[in-house]
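This is what each chain is made of:
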Amino acid sequence: PAAGREAPRVDWTEGGGRVSVRWNVASAAYASVTYVLNGERTVLALHRQGGTIEVETTGLPAGGSFEFSLSDGLNARRLTAPRGTGGAVTAPAAR
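All values derive from a computational prediction rather than experimental measurement.

Draft legend 1. Just unusual backbone geometry, in detail. Located in the positive-phi region is asparagine 38, a residue other than glycine, with phi close to 50 degrees. Looking at the secondary structure, you find asparagine 38 in the loop between strand 3 (30-37) and strand 4 (40-48). At histidine 47, a position not held by glycine, the phi torsion is positive, near 50 degrees. Relative to the elements of secondary structure, histidine 47 occurs in strand 4. Accessibility expressed as a relative area gives 56% for histidine 47, which makes it exposed.

Here it is in structure tokens:
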């Protein structure tokens, strides 16, 4: 990340048939959420703004992972977390 900017980070939880996502809009204005299982990708939210997303997960098969894409409008970072773990995911430092 640029000097003075923190690495993109996602805090998320899943429960009650929903996944809730929070991110720092100062490091990424836009976020997308994708569910991935056995190479199949299901987009749950695309180019959302505001720092929070809550989307329905009812009907998704068990297992798989979530991909969180964070973007400043030009540069995107993808973070992946196994489904069911919840917590925080931080992008590695830029090279």
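Draft legend 2. Structural view of the pairing of strand 5 (residues 52-56). Only one face of strand 5 is buried, namely the one carrying Ile53 and Val55, since none of Thr52, Glu54 and Glu56 on the opposite face is buried. Sheet analysis places strand 2 (residues 18-23) next to strand 5, joined by five bridges and oriented antiparallel. Looking across to strand 5, one finds that valine 19 is bridged to valine 55.

Draft legend 3. Examining the nonpolar core more closely. Judged by nonpolar contacts, the single largest core of 20 residues is most densely connected at Trp12, Val21, Val33, Ile53, Phe66 and Phe68. Only strand 1 (9-15), strand 2, strand 3, strand 4, strand 5, strand 6 (65-71) and strand 7 (76-82) provide two or more residues apiece to this core.

Draft legend 4. Geometry of the sheet that holds strand 8 (residues 87-90). Across the sheet, which stays open at both edges, the four strands sit in the order 5-2-1-8 with antiparallel pairing between neighbours. In this open sheet, the two edge strands, each paired with only one partner strand, are strand 5 and strand 8. Taking the axes of each pair of neighbouring strands and ignoring which way they run, one obtains an average angle of 20 degrees across the sheet. Strand direction decides the pairing type here: strand 1 and strand 2, joined by six bridges, are antiparallel. Of the residues in strand 2, the one forming a bridge with glycine 15 is arginine 18.

Draft legend 5. Representation of the pairing of strand 4. Note: strand 3 against strand 4, six bridges, orientation antiparallel. Residue pairing across strands places tyrosine 35 opposite threonine 42, the latter belonging to strand 4.

Draft legend 6. The arrangement of the sheet that holds strand 6 in detail. The four strands lie next to each other as 4-3-6-7, forming an open sheet whose pairing is antiparallel. In this open sheet, the two edge strands, each paired with only one partner strand, are strand 4 and strand 7. Adjacent strand axes in the sheet meet at a mean angle of 15 degrees, parallel and antiparallel pairs treated alike.

Draft legend 7. Structural detail: the environment of threonine 52. Structurally, the position occupied by threonine 52 is in strand 5. Separated by 22 residues in the primary sequence, threonine 52 and tyrosine 30 place their C-alpha atoms 9.9 Å from one another. Dropping the residues within four chain positions of it, threonine 52 is found in contact with Val21, Arg22 and Trp23.

Procedures and definitions
Residues numbered from 1 in each chain as written. Predicted model: local features only at pLDDT ≥ 70, side-chain atom pairs only at ≥ 80, totals over all residues. Heavy atoms only, no water. Helix = DSSP H or I, 4+ residues; strand = E, 2+ residues; numbered from the N terminus. Buried < 20%, exposed > 50% of the residue type's maximum accessible area, 1.4 Å probe, protein only. Pairing = 2+ DSSP bridges. Core = buried A, V, L, I, M, F, W, Y, C linked by side-chain atoms within 4.5 Å. Axes fitted to C-alpha atoms, helices over the stretch in contact; angles between N-to-C directions. Contact = heavy atoms within 4.5 Å.

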